[in-house]
Amino acid sequence: MRIKQLVLLLLCTAFTPLTFAQLLDKTLVNQNNAINAPGGTIEKSLLQQIGTGQGADNIPGSSIYLIKRDPARSIRRGRQLFQRKFSMTEGLGPRVNASSSGDVTAMRALGAGLTDSCAACHGRPRGAAGFGGDVATRPDSRDAPHLFGLGLVEQLGDEMTSELRATRANAIDEAMNGIPGQIFIEEDFEAGSGEFQFVEDPFGTNQPAYSSGQLISDSGDIRAVTTLGGIDNLSITEMSGGWQTSFTLTQAAEVTFDFDFRVIQTSEYESDEISSAIIAIDGQETVLATLRGNGNGGGDMSTGIQTTTLTRNLSAGHHTVVLGGFNNKKTANDEITFISYGRATVSIPGQGPGTVIKNLLAKGVGFGTITAFSDGSLDTSDVQGVNEDLRIRPFFAQGGTVTIREFAIGAFKDEMGLQAVDPILCAVTDSNNPQALVSPAGFHFDPDQDTFERPPTCGISDDPDGDGKTNEIDAALIDHLEFYLLNYFKPGQYRLTSRSQFGYELMETIGCTGCHVEQLTINADRRVADVETQYDPFNAVFNDLFATASTRFIAVDDGDTYPLLLPKEEPFVVKNFFSDLKRHDLGPAFHEREYDGTLVTHFMTEPLWGVGSSSPYGHDGRSINLDQVIRRHGGEAAQSRNAYVALSDDEQAQLREFLQTLVLFPPDDTASNLNPGNPGTNNPQDPAEHGSINLGALFQIPDEGSE
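Structural notes, computed from the coordinates. Along every chain, residues carry numbers that run from 1 in the direction the sequence is written. Local features in this predicted model are restricted to residues whose pLDDT is 70 or higher, and side-chain atom pairs enter the listing and the counts only when it is 80 or higher, whereas totals over whole chains, interfaces and linings include all residues. Water and hydrogen atoms were dropped before computing side-chain values, which therefore reflect all heavy atoms in the structure.

**Looking at the layout of surface pockets**
Next up, step 1: The pocket and cavity definitions rest on a 1 Å grid over protein atoms only: a 1.4 Å probe that fits but cannot leave marks a cavity, an open set with protein on both sides within 12 Å along at least five of seven lines marks a pocket, and residues lining either have an atom within 4 Å of a point. Grid points are joined across faces, edges and corners, and a volume is the space filled by probe spheres set on the points. Size it by volume and the second largest pocket reaches roughly 740 Å³.
Next up, step 2: Helical segments are the DSSP runs of H or I of at least four residues, strand segments are the runs of E of at least two, and each set is numbered from the N terminus. Within the residue set of the lining of the second largest pocket, elements represented by two or more residues are α6 (150–177), β7 (182–187), β12 (253–265) and β19 (356–362).
Next up, step 3: Counting residues per element, the lining of the second largest pocket draws most heavily on β19, which supplies 5 residues.
Next up, step 4: Residues are grouped as follows: nonpolar covers Ala, Val, Leu, Ile, Met, Phe, Trp, Tyr, Cys and Pro; charged covers Asp, Glu, Lys and Arg; every other residue, Gly included, is treated as polar. Of the residues belonging to the lining of the second largest pocket, the class tally is 12 nonpolar, 8 polar and 3 charged.

**A look at α6**
Next up, step 1: Take the number of residues in a helix, subtract one, and multiply by 1.5 Å to get its expected span. Along its 28 residues, α6 runs 41 Å from first to last C-alpha, staying within 8% of the 40 Å computed at 1.5 Å per residue.
Next up, step 2: Among the residues trailing α6, G178 stands out with phi positive, at a value near 80 degrees.

**Observations concerning a negative patch on the surface**
Next up, step 1: A cluster of like negative charges, contributed by E186, D188, E190 and D221, occupies part of the molecular surface.
Next up, step 2: Type-normalised accessible area, obtained with a 1.4 Å probe on protein chains alone, sets the label of each residue: buried when under 20%, exposed when over 50%, and partly exposed for intermediate values. Look at D188 and you get partly exposed, because its relative accessible area is 39%. Like charges are joined within 9 Å and nonpolar side chains (Val, Leu, Ile, Met, Phe, Trp, Tyr) within 5 Å, but only among residues with over 30% relative accessible area and no salt bridge; these make up the patches. Only the protein chains shown count as cover for residues, and all accessible areas are computed by the Shrake-Rupley method using a 1.4 Å probe. The working definition used for a salt bridge is a side-chain nitrogen of Lys or Arg within 4 Å of a carboxyl oxygen of Asp or Glu. For the purpose of charge, His is not counted, nor are the chain termini; Lys and Arg are scored as positive and Asp and Glu as negative. Here the site of a charge means atom NZ of a Lys, CZ of an Arg, CG of an Asp or CD of a Glu.

**Quick word on empty space enclosed by the protein**
Next up, step 1: Throughout the structure, instances matching the rule amount to 4 cavities of 30 Å³ or more.
Next up, step 2: Empty space within the largest cavity amounts to approximately 130 Å³.
Next up, step 3: N487, F489, A529, D530 and V531 are the residues nearest the centre of the largest cavity, which is lined by 18 residues in total.
Next up, step 4: Looking at the lining of the largest cavity, the elements with two or more residues in it are α5 (71–83), β26 (529–535) and β27 (545–551).
Next up, step 5: Of the volumes computed, that of the second largest cavity is approximately 90 Å³.
Next up, step 6: Around the second largest cavity, the lining residues are P71, A72, I75, V528, A529, T551, F553, L565, L695, L698 and Q700.
Next up, step 7: No other element matches α5, which puts 3 residues into the lining of the second largest cavity.
Next up, step 8: Among the residues making up the lining of the second largest cavity, the classes are represented as 9 nonpolar, 2 polar and no charged.

**Considering the side chain of N487**
Next up, step 1: Within the fold, N487 resides in the loop between α9 (475–486) and β24 (492–493).
Next up, step 2: A 3.5 Å cut-off defines polar contacts: any pair of N or O atoms within that distance qualifies, except that in protein one atom must be a possible hydrogen donor and the other a possible acceptor, and neighbouring residues in sequence count only when both atoms are side-chain atoms. In this structure the side chain of N487 is engaged in a polar contact, spanning 2.9 Å, whose partner is the backbone oxygen of F483.
Next up, step 3: Polar side-chain contacts of N487 include one of 2.8 Å to the backbone nitrogen of V528.
Next up, step 4: Throughout, a residue-residue contact means that at least one pair of heavy atoms, one from each residue, lies within 4.5 Å. Every residue in contact with N487, bar those within four places of it in the chain, is listed here: I75, R527, V528 and A529.

**Some remarks on the nonpolar core**
Next up, step 1: The definition of a nonpolar core used throughout is a set of buried Ala, Val, Leu, Ile, Met, Phe, Trp, Tyr and Cys residues joined through side-chain atoms within 4.5 Å. Ranked by size, the top nonpolar core spans 82 residues in total, and within it F82, F367 and F412 carry the most contacts.
Next up, step 2: Among all residues touching F412, those that are not within four sequence positions of it are F86, C118, G417, L418, I473, I478 and L481.
Next up, step 3: By size, the runner-up hydrophobic cluster in this structure holds 34 residues, among which are I185, F257, A289 and Y341.

**Some remarks on the sheet that holds strand β14 (residues 284–292)**
Next up, step 1: Read from one edge of the open sheet, 5 strands run β8-β11-β17-β13-β14, paired in antiparallel fashion. The strands lining the two open edges of the sheet, one partner per strand, are β8 (197–200) and β14. For this sheet, the mean inter-axis angle between neighbouring strands, taken without regard to orientation, is 20 degrees.
Next up, step 2: Two strands form a pair only when DSSP identifies at least two bridges running between them. By the bridge criterion, 8 bridges tie strand β13 (residues 274–281) to β14 in an arrangement that is antiparallel. Of the residues in β14, the one forming a bridge with I274 is R292. Axis angles are defined between N-to-C directions and span 0 to 180 degrees, where every axis is a line fitted to C-alpha atoms and, for a helix, only to the segment in contact.

Have a look at this one:
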């Protein structure tokens, strides 16, 4: 078994140059062997990139084999495909048909641009999977967004969908079958105090010497008793004690508290001295009964045993309960209070079938409510920011596509006239026998839950665009491209100052982060690596940025020469994201015309990471700077927009300064722990000198050669 560990690789001085700009195929353009520009071309031909096809994890040279055993190489190969300049010989064009004619209201691809490389639309900053393109798929144009962090976006959308649908399924089940009761605490103290523990001074007092707890037999029953006062003839005020326990709710609920109690006050108390039974739920106290001394020296006073039921609406999470008592004052050793509890039950009562209304929450983001009825039907009229199927579609401004794989296949067809033959999506979308499958990058396609976009062709001998070329984009190439974009670097953060940090605080204050949510957490990250890019003028060469790569895979020895390197699927906090992946109406200035004259009014909250590097702004590129795109907000964001306008000029500038720290970067020009370069070099054109995020240092299979 062979595996390179990152900690060892960081000591290496040799590296494979990266290539991120639009790239030529060296096997096609180096006929005189004159090229001498490391990293300036693709080393492999398209057939060599296909290798042995899609294959399997035991077929060397196949896409699945490389994804599972040499993931950094697969990412790199996907990058080379993204930058590759395709030719007519390889099937480039036509965009839709030879005359580019038809009905653009039905075939939006007529407005797409014919280009020979993914990087032609997604190529800024230099060589990144960034932004920069513009298409006429709508009459007022659409800008091509950057693709940094695309895999994180896909995963967030998928996990949020699962959360929303789990809530829907729970609502249907409860509406049809009723809600069974749930008991959290049931204690009669016959076998001890159970989960209850005695605590002194739970109600803000500070007299522990005059508070004690015991389990005492009373007429054959065991009671949990709090004893207050007594001991000496000193005048003592403010004494309390009680029996405390806790429980946890997985979701908000109305909780019932059933218990019996009794307060006994000895006869020596005076009229200014009181004793009370108190229950505290999460610190909120309720007085159950109070006795006041009469000072007549008669018999002890008692409330008798009383049964009480309380209900409280509690949120999901951890909750505490104290069954206790309080004595405001005692002046003699025979002034003693006894507060006892004989049983205690904390439960959620059950209910029969009927209408159930649930809040739709996903990673803390609210999507309205859903109502389920006893016959299993649903009312989705109060669902907000997502389709009725509750599927988050995180790609395209209007929220139109679910997965990276669909996005890539569609772009090849619409922007380059290249038809991909993908057995995975073809099987998933088969109208006669749809199958649930998992892509090599780990996305679970379930046709019972979702409708996915069918590839332009499902036969390797088909030629739907009539250009004489078949099987133009092999499934292996789609595998590598999907895996590359799943693992693509997230945006970085430039220098934070006290001014820009205050700018972030202003964003919170005026309500921007209500929709532009700063961070969301992925529960099970499918990536195999992460790159953190930060302001670091000491180690940087270009742009004062330095990147730190870390692996997120585990090695599994299955007997092959090269082990399986599988994602750990651990949680990952996506910081500086600033989106809720929810659709909103931002008012007429953001509405979009369609060719048929209709308007699109709702758009996904654009993640703000990278916003400091990606002007102009808006899905149509109409806003020339950050100030103007903020002022363009209306509709649901009108209140925050007005609050921004009301800030002083300097406060507005500080807010924008924070946004300008959220940057994109050119990966092949950004020094990293994989290739730190030489800060202060006099030869910054040499990749060895300026540094790069060199995934080649993580390649596992030397026989595959250069990419």
